[in-house]
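# Structural description and commentary
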Amino acid sequence: MGYWDAICIGVTTSIEPVNLLFCFVGVTIGTLIGVLPGIGTSGTVAILLPITFNLSPVTAIIMLTGIYYGAMYGGSITSILVNIPGEAATVVTCLDGYQMARQGRAGVALGMSAFGSFIAGYFGILMLGVMAPTLSSLAFDFGPPEFFSIMVLGLTLSTYIGSGSMLKALMMVALGLILGFVGQDPITATPRLTYGNPNLLDGLDMVPVVMGLFGLSEVMLNIEQKGDRIIYETKLKGLLPNLDDWKKSLLPIGRGSLLGFFIGIIPGGTAMVSSFVSYALEKKFSKHPEKFGTGTIEGVAGPEAANNSATMGAMIPLLTLGVPSNVVMALLLAALMIHGTPPGPMLLINHPDLFWGVIFSMFIGNILLLVLNLPLIPIWVKLLKVPYKILFPLIIMFCLIGAFSVSSTTFGMKIMIVFGMIGYLMKKYEYEGGPLILAFILGPMLETALRQSLIISHGSFSIFIHKPISLVSLLITISFLVFPLIPFLKKSIAKM
């Protein structure tokens, strides 16, 4: 299929009324979730996943991806006005965005955040449209050994780039793999880890587990936190940056867009990592690095561009290889499989309407987001004033409905409550949920690829080092696991 045919399919699919409607719904919900600190993108996608069961695969993925990149836009609003990141990826925006708000430049910070996100979003979409078909054709060279090694690399990177202890993250990966093995053996269909419970024969449902870990646990954590939010309000007329602001911001936006996209491609790469790296890079390039953290616009433009571009880059390994690079991509992987359209190299051939329709819907979604993030900022500010005691019962209600709708039994609700308490304790003791969920979803795929590889090689593990792609992936994995041990080994040698 040529690019002209792809454009025709993408445009035709994306402008269908139902797809336009759910694109608007997705980006609006995403912005709202980004504005309201609490449940987060992962929990929202998990809660709304059951709603998409009666939609077509294209419409469902358009809505869910709209929530993902929409949350990146909305998260900057709370970072700038309240100094509370709506999304983990907008933590860096607090450093200079909030200081700009205190200096009376909240409008400029919000405007540059929206324009920077818009430019980076379009750059990411163009790169996605150009690179994904090429990588999809290369993916035909991937067999079970290559897929196994890349998934191992992805899980390792998800622990390495986390904000907490790497040891704790590795423990979460191990727990996630164990949870993923609950159910029937994929080769022999023998029940394992079910303890005689028939509800576990098909394994743990992903939706209740994710809603518990990310949704319910976040509600519990927010209930115990007290304190009033100080909101710096702004007027619409102050939202347009001046010429000097644009001169300072164009290069950071360009660098952030490029950097964020390629970090997003890496299995385990996240928008949060890209925004932190972009901030450090801009500080390095700046002639006045001491001004960072005091209200410099480059500290807003670069990271905001990076985190939005990273959301587009993260779609590439998902769509071309079927390997999610973060928690939300893992949820989208589950959504695609539920709808009978498993991602991978055949997605572009078997479902071109889904592939190109989702990409072109992002063009429309980014325009909608620019409209939502500029004129509607005063409305989002009013929503920030809604007391959490009103919000949390609604969030719990949607979580319970979502958990029940998966299997139409109360077992899913019980699973959600159990994992809600587990997630609450994990947050209290600084254990990250992301590596656990990635391992939980990738676990069955990882095991299947491993056992298929061993069947092909008649039980020999040498197959993983005889395949060049597999060998390189495993060597990178080992280096990332060994690298944190180097300072410890140096200290041990010095003491000897």
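In this numbering scheme, every chain counts its residues from 1 along its sequence in written order. For a predicted model such as this one, the threshold for reporting local features is a pLDDT of at least 70, and the threshold for listing and counting side-chain atom pairs is 80 or more; totals across whole chains, interfaces and linings nevertheless cover every residue. Remark: hydrogens and water are excluded; side-chain values derive from all non-hydrogen atoms of the structure.

## Some words on the layout of surface pockets
The way it works is a 1 Å grid over only the protein atoms, where trapped points that fit a 1.4 Å probe form a cavity and open points with protein on both sides within 12 Å along at least five of seven lines form a pocket, and then any residue with an atom within 4 Å of a point lines it. Grid points are joined across faces, edges and corners, and a volume is the space filled by probe spheres set on the points. Put simply, the second largest pocket is a space of about 640 Å³. What lines the second largest pocket is a set of 25 residues, and nearest its centre among them are Asp-202, Leu-204, Met-206, Phe-440 and Pro-444. Starting at the N terminus, helices and strands are each numbered in turn, a helix being any DSSP run of H or I of at least four residues and a strand any DSSP run of E of at least two. Broken down by secondary-structure element, the contributors of at least two residues to the lining of the second largest pocket are helix H8 (166–180), strand S1 (183–184), helix H9 (206–223), helix H14 (327–338) and helix H20 (433–456). Here the lining of the second largest pocket takes five residues from H20, the largest share from any one element. In this count, Pro and Cys sit with the nonpolar residues alongside Ala, Val, Leu, Ile, Met, Phe, Trp and Tyr, while Asp, Glu, Lys and Arg are called charged and the others, Gly among them, polar. Residues that form the lining of the second largest pocket fall into these classes: 17 nonpolar, four polar and four charged.

## Considering the side chain of Thr-13
Structurally, the position occupied by Thr-13 is in helix H1 (residues 3–14). Of the residues examined, Thr-13 reaches a relative accessible area of 8% and is grouped as buried. Once residues lying within four places of it in the same chain are set aside, the contact partners of Thr-13 are Asn-19, Val-58, Asp-353 and Gly-357. Residue burial is assigned from relative accessible area. The probe radius is 1.4 Å, only protein chains are included, and a residue is buried under 20% of its type maximum, exposed over 50%, and partly exposed in between. Residue contacts follow a heavy-atom distance rule, with two residues in contact if any of their heavy atoms lie within 4.5 Å.

## Quick notes on the packing of aromatic side chains
Aromatic ring pairs are reported here in terms of the distance separating the ring centres and the angle at which the planes meet. Pairing of aromatic rings covers Phe, Tyr and Trp, the last counted by its six-membered ring, and requires centre-to-centre distances within 6.5 Å; plane angles under 30 degrees mean stacked, over 60 mean edge-to-face, and any other angle means tilted. Applying the stated criterion across every chain yields a total of ten aromatic pairs. With centroids separated by 5.6 Å and ring planes inclined at 55°, the aromatic side chains of Phe-115 and Trp-246 adopt a geometry described as tilted. Of this pair, Phe-115 sits in helix H6 (residues 106–138) while Trp-246 sits in helix H10 (residues 243–265); the two residues are 131 residues apart in sequence, bridging distant segments of the chain. You can call Phe-115 buried: its relative accessible area is 18%. Ring plane angle 35° and centroid distance 6.4 Å describe the contact between Phe-461 and Phe-464, whose orientation is recorded as tilted. By relative accessible area, Phe-461 is classed as exposed at 55%. We classify Phe-464 as buried; its relative accessible area is 5%. Three or more aromatic residues link up through ring pairs in this structure, and these residues are Phe-118, Tyr-122, Phe-360 and Phe-363.

## Concerning the packing of helix H4 (residues 57–81) against helix H12 (residues 298–313)
For any two helices packed against each other, one specifies the inter-axial angle together with the distance between the axes. Axis geometry follows a simple rule: fit a line to the C-alpha atoms, using only the stretch in contact for helices, then measure angles between N-to-C directions, giving values from 0 to 180 degrees. The contact between H4 and H12 brings their axes to 9 Å, and the two run at 170°. Taken together, the axis directions place H4 and H12 in an arrangement best described as roughly antiparallel. Contacts from Tyr-68, Tyr-69, Met-72, Tyr-73 and Ser-76 in H4 reach Glu-304, Asn-307, Asn-308, Thr-311 and Met-312 in H12. For the contact of H4 with H12, a count of residues per class yields five nonpolar, four polar and one charged. The cut-offs work like this: below 35 degrees is roughly parallel, past 145 is roughly antiparallel, 65 to 115 is roughly perpendicular, and the gaps in between are oblique.

## Structural notes on the side chain of Thr-93
Note that Thr-93 resides in helix H5 (residues 91–102). Here the side chain of Thr-93 touches Glu-304 through a polar contact of 2.5 Å, side chain to side chain. N or O atoms within 3.5 Å of each other form a polar contact, as long as, within protein, one can give a hydrogen and the other can take it, and as long as residues adjacent in sequence are counted only when both atoms are side-chain atoms.

## Quick look at the confidence of the model for the chain
One confidence number per residue, pLDDT, is output by the predictor and ranges from 0 to 100. Per-chain confidence: the chain averages 80 in pLDDT, with 88% of residues scoring 70 or above. Looking over the chain, one finds the lowest element-wise mean pLDDT in helix H17 (residues 377–384), namely 70, and the highest in strand S2 (residues 191–192), namely 90.

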